[in-house]
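Descriptive structure summary
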Amino acid sequence: MDTSSFYSMGPCLTKMIHRNSQCRLVHVPKFGDGYVEFLLNGTVFDKDDPQKFPMQAGPFPEDDEPSNQDPVSILVSEYVLSSYAYAIFGRRSLQQHSITRSSLPAPMDSFLNTTCSDETFCMGKVSPQISAQFPNADLELTVIIHPPPVIVILPGFQMAATASVGVRARLPDTSLVTVFDVRLNVTSSASVSFDNGGEGGGKRRGLRVDVTRLLTDVTLVANSTVGEIPTKVLSEAFDSLTEQYLMPKLKAATKNGFQVPLPESIELKNPALSVLKNRLLITTDIEAL
């Protein structure tokens, strides 16, 4: 699916610029020496499947001083970025899906086998109990992401989410039986940049997110039919799976970022992005077209 216009900022900022009275300010505008500051409500949503972001915005950091050298400074809070993560994981294709052997890319397609050769890696080697109890079977995973994920800027850019994974064995007679269920934390690191959309700006200008690292931490193993399995062993196994399977999906979902809601009649000149604690700062000159 083409996601070039899939995620969009809420209408508030655009409405404010067009003087549409449907948008309300968070507080009374602040006037200073040569500048005016105002806060607007803003969330990112999925155009095809809009869902209300279930978190309340907290107070915005108050320690930012406007610069006389930059006509416009745009601060983007963790709340706005968390709503972006919620829009991604709220999609049914990422929020809940099944992983089978046929859905894994090579050389990971043997990962869900319960029996494998010395030259390959599979879950049967992660836990010999699985191989002993369910030999020559394929495992199937049902993954459920529990939104909302949370974006944290430290100033490093991180996203944290929780997932439940049901592990089942597809036996040679095609029956499906429970192996175990796990609950795990997923933490990702990412780089963020600002794309002005080339000469003249255009619809593609906005924040771009590139997921660079993905780690899992299994916190609970339940309903096991193969005895006790150490969480550390499973965490290492799921790290391999997320790196090969989930990472490409996250990169595909985030590659276009989201559009900064400014009218096309305003062109951004020499925009620069700074990653600060708990927020992003975009400084730019502007020109009316």
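Structure: above.
In this report, the structure presented in the accompanying data block is examined. (Residues numbered from 1 in each chain as written. Predicted model: local features only at pLDDT ≥ 70, side-chain atom pairs only at ≥ 80, totals over all residues. Heavy atoms only, no water.)

We now examine the environment of S103. Counting through the fold element by element, S103 comes out in the loop between β6 (96-99) and α4 (123-126). By relative accessible area, S103 is classed as partly exposed at 31%. Separated by 142 residues in sequence, S103 and Y245 have C-alpha atoms that sit 8.8 Å apart. Of note is the side chain of S103, whose polar atom sits 2.7 Å from the backbone oxygen of T100. (Helix = DSSP H or I, 4+ residues; strand = E, 2+ residues; numbered from the N terminus. Buried < 20%, exposed > 50% of the residue type's maximum accessible area, 1.4 Å probe, protein only. Polar contact = N/O pair within 3.5 Å; in protein donor to acceptor, adjacent residues only side chain to side chain.)

Let us look at helix α6 (residues 231-254). Compared with an ideal rise of 1.5 Å per residue, which puts 24 residues at 34 Å, α6 spans 30 Å between its outermost C-alpha atoms and falls more than 12% short. The sharpest bend along α6 reaches about 45° and sits at T242. If you check which residues of α6 are buried, you get L234, S235, A237, F238, L241, T242, Y245, L246, M247, L250, A253 and T254. (Expected span 1.5 Å × (residues − 1). Bend = angle between axes of the 7 residues up to and from the residue.)

With that settled, the discussion passes to the sheet that holds strand β12 (residues 266-276). Strand order in this open sheet of three strands is β5-β13-β12, and the pairing throughout is antiparallel. At either margin of the open sheet sits one strand with a lone partner, and together these are β5 (72-77) and β12. Between one strand axis and the next, the sheet turns through 25° on average, direction left out of account. Sheet topology places β5 next to strand β13 (residues 279-288); six bridges connect them, and they run antiparallel. Residue pairing across strands places S77 opposite R279, the latter belonging to β13. (Pairing = 2+ DSSP bridges. Axes fitted to C-alpha atoms, helices over the stretch in contact; angles between N-to-C directions.)

A few words on the state of the cysteines. In this structure the tally under the stated criterion is one disulfide. In this model C116 forms its disulfide with C122; the gap between the sulfur atoms is 2.2 Å. Negative torsions about the S-S bond denote left-handed disulfides, and the value of about -75° found for C116 with C122 makes this one left-handed. (Disulfide = S-S within 2.5 Å.)

Throughout the structure, instances matching the rule amount to five salt bridges. Measuring nitrogen to oxygen at the nearest pair gives 2.9 Å for the salt bridge that ties D181 to R168. With D181 in strand β9 (residues 176-195) and R168 in strand β8 (residues 157-170), the pair connects residues that are 13 residues apart, well separated along the chain. D195 serves as the salt-bridge partner of R208, at 3.5 Å between the closest nitrogen and oxygen. One end of the pair, R208, is in strand β10 (residues 206-222); the other, D195, is in strand β9, with 13 residues separating them in the sequence. Residue class for D195 comes out partly exposed when judged on its relative accessible area of 27%. (Salt bridge = Lys/Arg side-chain N within 4 Å of Asp/Glu carboxyl O.)

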